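# Coordinate analysis (summary)
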Amino acid sequence: MVEVTELVDADASGGYLSTTADLGTFYRSLLGGKLLRPEQLAQMRGTVPADGVIAQVWPGGRAGLGLFSVPLSCGGIYWMHNGGQTGYLTNAAVTEDGRRSAVVSLSGTLAVGENPLHSKGFTQLQAANALIEHALCGE
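This section reports on the structure supplied with the text. Just so it is clear, the model here is predicted, and its values are computed rather than measured. (Residues numbered from 1 in each chain as written. Predicted model: local features only at pLDDT ≥ 70, side-chain atom pairs only at ≥ 80, totals over all residues. Heavy atoms only, no water.)

### With respect to helix 1 (residues 20-31)
Taking 1.5 Å of rise per residue, the 12 residues of helix 1 would be expected to cover 16 Å, and the 16 Å separating its terminal C-alpha atoms lies within 8% of that figure. Within helix 1, burial applies to Leu-23, Gly-24, Tyr-27, Ser-29, Leu-30 and Leu-31. (Helix = DSSP H or I, 4+ residues; strand = E, 2+ residues; numbered from the N terminus. Expected span 1.5 Å × (residues − 1). Buried < 20%, exposed > 50% of the residue type's maximum accessible area, 1.4 Å probe, protein only.)

Rendered as structure tokens:
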């Protein structure tokens with residue numbers, strides 16, 4: 001018999017639980033300049049081109065300090081961070097000026113060892129990206 005009723009997650013993601021509304025508020029405040037001094041936020045916004053799977057999930061994406069910038073089809077970029085906990089994926093995105101945000105949380109996860117570009121998880125990420133794009137570019 002294998003015991004599967006207990007899950008211990010000792011990394012930082014296990015201690016950061018919130019609502020999608022709270023995540024939107026946090027990222028609007030962060031990118032809107034309300035949480036950090038300008039020079040600190042500028043350091044977070046310093047980016048390098050993303051590579052590997054990240055570049056394929058978010059084409060044109062750039063990696064910064066805890067944030068990624070992603071081009072918008074309507075012009076400009078949005079800043080985002082994504083993450084997951086067993087059974088869930090969450091993408092939090094906010095416009096450059098911090099005024100608009102979109103947070104998509106969905107059930108599902110990429111399986112360990114699975115080719116992420118040929119998985120249901122990748123299809124889910126593409127759908128989440130489309131929702132974010134629509135929310136941030138829509139009228």
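### Describing the nonpolar core
Of all hydrophobic cores here, the largest spans 18 residues; its most connected members are Trp-58, Tyr-78, Met-80, Ala-93, Ile-132 and Leu-136. Breaking this core down by element, the ones donating at least two residues are strand 3 (68-71), strand 4 (77-85), strand 5 (88-95), strand 6 (101-107) and helix 4 (120-137). Per-element tally for this core: the top contributor is helix 4, with 6 residues. Among residues more than four places away in sequence, those in contact with Trp-58 are Val-70, Tyr-78, Met-80, Asn-82, Asn-91 and Asn-129. Ranked by size, the runner-up nonpolar core spans 10 residues in total, among them Leu-30, Leu-31, Trp-79 and Val-94. (Core = buried A, V, L, I, M, F, W, Y, C linked by side-chain atoms within 4.5 Å. Contact = heavy atoms within 4.5 Å.)

### A word on the side chain of Asn-91
Structurally, Asn-91 is set in strand 5. Polar contacts involving the side chain of Asn-91 include one to the side chain of Asn-129, which spans 3.5 Å. (Polar contact = N/O pair within 3.5 Å; in protein donor to acceptor, adjacent residues only side chain to side chain.)

### Describing the side chain of Glu-133
Within the fold, Glu-133 resides in helix 4. Here Glu-133 is buried and forms no salt bridge, its nearest opposite-charge partner Arg-100 lying at an N-O distance of 11 Å. (Lys, Arg positive; Asp, Glu negative; His and termini not counted. Salt bridge = Lys/Arg side-chain N within 4 Å of Asp/Glu carboxyl O.)

### Observations concerning the packing of aromatic side chains
The final tally for this structure, using the stated rule, is 1 aromatic pair. Relative to Tyr-27, the ring of Phe-26 has its centre 4.9 Å away and its plane inclined at 80 degrees; by these criteria the two rings are edge-to-face. Under the relative-accessibility criterion, Phe-26 is labelled partly exposed at 34%. For Tyr-27, a relative accessible area of 9% puts it in the buried group. (Phe/Tyr/Trp six-rings, centres within 6.5 Å; stacked < 30°, edge-to-face > 60°.)

### Focus: the environment of Gln-56
Summarising the element assignment, Gln-56 is placed in helix 3 (residues 52-57). Taking the C-alpha atoms as reference, Gln-56 lies 9.8 Å from Phe-122; in sequence the two are 66 residues apart.

### A short note on the pattern of salt bridges
Counted under the stated rule, the structure contains 3 salt bridges. In this structure, the salt-bridge partner of Arg-45 is Glu-96, at a minimum N-O distance of 3.3 Å. Remark: Glu-96 occurs in the loop between strand 5 and strand 6 and Arg-45 occurs in helix 2 (residues 38-45); sequence separation between them is 51 residues. The class of Glu-96 is partly exposed, set by a relative accessible area of 34%. For the salt bridge of Asp-97 with Arg-99, the shortest nitrogen-to-oxygen distance reads 3.8 Å. Relative accessible area serves as the criterion here: at 42%, Asp-97 is assigned to the partly exposed category.

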